[in-house]
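Here are the chains, one letter per residue:
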Amino acid sequence: MNESEPAKIGPFSRRTFLKSLGTTAVATAAVQAQTMAAELEKVNAEKTIGPGTVPVTLKVNGEMLKLQLEPRVTLLDALRNYSSLTGSKEGCDRGTCGACTVMINDVPVYSCMKLAIEAQGQAITTVEGLAKNGKLTKVQQAFLNRDALMCGYCTPGFVMSVTALLRKNPHPTADDVRHACSGNLCRCGTYPRIMEAAFEASGVAKVAINKTEVIPYA
Amino acid sequence: MKAFEYATAHSVNSAQEMVADNGQYIAGGNDLLGLLKEYIVDPKILVSVKSLPGLDRVETGSKVWTIGTNVTVAQIEDHSAIRKTFPGLAQAAAEVGSQQIRNVATVGGNISQHSRCWYFRHRDVLCLKKEGDMCYARHGENKYHSLFTGNTCISPVVSNLAIAFAALDATAVVQRAGKPVRMSMAEFYAKAFENPTAHNSLNPGDLVLKVEIPTTRTHSAYMQTSEKHEFDWALVSCAAAANITNGKLSNARVALGSISPVPHQVDAANEYLEGKTLDEATVTHAADMILHGAKPHEHNGYKVPMAHALIRRTLLKLNA
Ligand SMILES: Cc1cc2nc3c(=O)[nH]c(=O)nc-3n(C[C@H](O)[C@H](O)[C@H](O)COP(=O)(O)OP(=O)(O)OC[C@H]3O[C@@H](n4cnc5c(N)ncnc54)[C@H](O)[C@@H]3O)c2cc1C
Ligand code: SF4
Ligand code: FES
Ligand code: FES
């Protein structure tokens, strides 16, 4: 915060004044050249972009994606429609189903409720980025072993939520799994198997493959 | 979504300057993107407040704790010191949406979020809140609506954090016209009680900086009832906070959410609780006082006994 700096410089606001100066003009200005340069840097950082397309660089699964996007494009659309990374699914596009879940810096978020430009400079992991050298992760393998899917549309989202949970809490209880996965919906209703897969992946408990529901829902 | 300009503010002054008359702040974006996708708001520019310096921290203190506007709901849920000192706040945070939402949702965005009334959220319905000429909920589907209001709109406050903050007597610090203004939670929402077009008392350009919580009350609790066990809005929520010495309450405060456009608080009930022992008779009487004058609509009468039970349970939970 800059309580000390004047909000207005003559008829101009600080921003419009600085914007109207070129870098050279600032550098040669007699008054506090250093402060002004620092200011200019800040104003540039605050520069208004859009509504047209702007360059956006996303670090997805360790690779840099260079895109041209309007500020209104969500991360989910950037992945699916501008980069062919269709592993993250679009269900509701309103933050209510979890199909679009990705990790940003190891934390699960809804990519449909995040603007792509705001995901720059962070490590984004989609379901495509989990398996290394063709080898599935423990969580992915557990979903397979437990047959924890029917149509599979919700699966990438659940895999991301369970993966994030186990990174934060390697030995979850059933309540922990429910709390962590409550933001993912499965229309086919494979919840008991997803629970089993989460436990298998965490190695917490030996869970038998059951034909019927065994998870006690309090 | 319509196209918009975008900028990241690095100082409070420039945030307010850039947002001007036709812009909107964006923090986590959970609420705002929903409104944009339904064409309910139409800002020329979104100004991100996430890079404002110093507003993403929880600062502890002997008298007051400060929570910056950009602290996330997940940070509050997981903060071990908050869980110990203000358990009611941590419990309220843990019930916000889902893990994915809590990870990005901010404190400022949570208390400033807009109405969840389904008529308001429908892109084709122009109700009073959107400066149309009638409230559709009053004669329509009002299952999720208020029992109290001071105007025609019956859309309730749904922010979980606001309810916990109200019980803890927290103060929001808001930058307005070049100066920080301090508002109790009652003041932060007062305008929504009077004015059908308001969601809270913020004027255009007002920027929430932080929330301050006094350490006065040593006990706090939050409970809500929803249709689903997890990841659902509260049908009714309740927070309570107090000191308990030798089994006697002092400084007690109770606040309810989802039954009024403001966190519903009744001063007389708080005063009644002073010096009382927490028992079934006390909490029942307090609940009667708090719900006195409730005006249910066609579909939300169930909220009265639900709120009554929640007040009793939440107060008794203070003893736990
Ligand atoms: C599916 C779903 C479920 C949800 N469930 C719950 C729930 O159970 N309980 C609950 O409480 N909430 C819930 N929310 C609502 C809410 O979106 C989040 O709780 C969140 O906290 C909003 O914060 P944000 O940072 O994402 O806000 P944003 O969307 O960024 O902002 C919300 C509003 O606040 C304004 N704003 C943001 N920061 C500031 C600031 N510093 N000063 C002034 N104005 C500001 C924005 O302009 C905007 O109008 C839910 C949302 C969704 C989509
Ligand atoms: S309750 Fe309020 S927001 Fe809902 S229809 Fe009525 S006026 Fe609109
Ligand atoms: S598509 Fe993002 S939560 Fe449904
Ligand atoms: S397997 Fe079909 S939605 Fe979950």
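Residues numbered from 1 in each chain as written. Chains lettered and ligands numbered in written order. Predicted model: local features only at pLDDT ≥ 70, side-chain atom pairs only at ≥ 80, totals over all residues. Heavy atoms only, no water.

A.B. asks: Summarise the overall build of chain B; cite the residues concerned and give the values.
C.D. replies: Tallying secondary structure elements over chain B gives 13 helices and 11 strands in all. At 19 Å, chain B has a C-alpha radius of gyration in line with the 20 Å of a compact globule built from 320 residues. In chain B, buried positions account for 61% of the 320 residues. When contacts within chain B are restricted to residue pairs at least 6 apart in sequence, long-range pairs at least 24 apart make up 63% of them. (Helix = DSSP H or I, 4+ residues; strand = E, 2+ residues; numbered from the N terminus. Rg over C-alpha atoms; globule rule 2.2 N^0.38 Å. Buried < 20%, exposed > 50% of the residue type's maximum accessible area, 1.4 Å probe, protein only. Contact = heavy atoms within 4.5 Å.)

A.B. asks: An account of the pairing of strand β4 (residues 63–69) of chain A is needed here, citing residue identities and associated values.
C.D. replies: Residue and element names in this part refer to chain A. Direction of pairing for strand β3 (residues 54–60) relative to β4: antiparallel, over a ladder of seven bridges. Along β4, the bridge assignment pairs Val-60 with Glu-63. Connecting the antiparallel pair β3 and β4 is a turn made up of two residues, with Asn-61 showing a positive phi of about 50 degrees. (Pairing = 2+ DSSP bridges.)

A.B. asks: I'd love a proper account of the side chain of Ser220(B), names of residues and values included.
C.D. replies: Residues and elements named next belong to chain B. Here Ser-220 is to be found in strand β9 (residues 219–225). Under the relative-accessibility criterion, Ser-220 is labelled buried at 7%. Polar contacts involving the side chain of Ser-220 include one to the main-chain amide nitrogen of Gly-88, which spans 2.9 Å. Residues in contact with Ser-220, not counting those within four places in the same chain, are Phe-86, Pro-87, Gly-88, Leu-89, Leu-168, Ala-240, Ala-241 and Leu-318. (Polar contact = N/O pair within 3.5 Å; in protein donor to acceptor, adjacent residues only side chain to side chain.)

A.B. asks: Can you tell me about the domain arrangement of chain A, naming the residues and giving the values?
C.D. replies: Residues and elements named next belong to chain A. For chain A, the domain assignment lists domain 1 (52–129) and domain 2 (133–218). The gap between the C-alpha centroids of domain 1 and domain 2 is 23 Å. Listed by partner, the interface residues are 17 residues for domain 1 and 13 residues for domain 2. Between domain 1 and domain 2, roughly 1,200 Å² of surface is buried when both sides are summed, and carbon and sulfur atoms account for 61% of that area. In this assembly, domain 1 and domain 2 are joined by one salt bridge. Viewed at the interface, domain 2 and domain 1 are joined by six residue pairs in polar contact (both at pLDDT 80 or more). Those elements giving two or more residues to the side of domain 1 that touches domain 2 turn out to be β5 (101–104) and β6 (107–110). Among the elements that make up the side of domain 1 that touches domain 2, the one with the highest residue count is β5 (three residues). Within the side of domain 1 that touches domain 2, the residues separate by chemical class into seven nonpolar, seven polar and three charged. (Domains from an automatic or database assignment. Buried area = accessible area lost by both parts, 1.4 Å probe. Salt bridge = Lys/Arg side-chain N within 4 Å of Asp/Glu carboxyl O. Nonpolar A, V, L, I, M, F, W, Y, C, P; charged D, E, K, R; others polar.)

A.B. asks: Explain the interface of chain A and chain B to me, using residue names and the numbers behind them.
C.D. replies: Contact with chain A, which involves 42 residues of that partner, is made by 42 residues of chain B. Counting the surface lost from both chain A and chain B, the interface buries some 3,400 Å², and carbon and sulfur atoms represent 55% of this. Applying the counting rule to chain A against chain B returns three salt bridges. One salt bridge in this structure joins Lys168(A) and Asp78(B), with 3.1 Å as the shortest N-O distance. The interface formed by chain A and chain B includes 18 residue pairs in polar contact (both at pLDDT 80 or more). Breaking the side of chain A that touches chain B down by element, the ones donating at least two residues are α1 (14–19), α3 (33–45), β6, α6 (155–168) and α7 (174–181) of chain A. Here the side of chain A that touches chain B gets four residues from one element, more than from any other, and that element is β6(A). Each residue belonging to the side of chain A that touches chain B can be placed in one class, and the counts come to 15 nonpolar, 14 polar and 13 charged.

A.B. asks: Could you give an account of the domain arrangement of chain B, with specific residues and numbers?
C.D. replies: Residue and element names in this part refer to chain B. For chain B, the domain assignment lists domain 1 (1–51), domain 2 (58–113 + 155–214) and domain 3 (219–317). Using only C-alpha atoms to locate each centre, domain 1 and domain 2 end up separated by 19 Å. Tallying the contact residues gives 11 residues for domain 1 and 14 residues for domain 2. Here domain 1 meets domain 2 over a buried area of about 990 Å², counting both sides, of which 55% is carbon and sulfur. At the level of elements, α1 (12–19) and α2 (30–37) are the ones that each hand at least two residues to the side of domain 1 that touches domain 2. The leading source of residues in the side of domain 1 that touches domain 2 is α1, at four residues. Of the residues in the side of domain 1 that touches domain 2, the class split is six nonpolar, three polar and two charged.

A.B. asks: Quick rundown of the site of ligand 2? Include the residues and the values.
C.D. replies: Around ligand 2, the structure places 13 residues, and the nearest of them are Cys117(B), Cys127(B), Cys135(B), Cys153(B) and Ile154(B). In terms of residue class, the shell around ligand 2 is made up of 10 nonpolar, two polar and one charged. (Near = heavy atom within 4 Å.)

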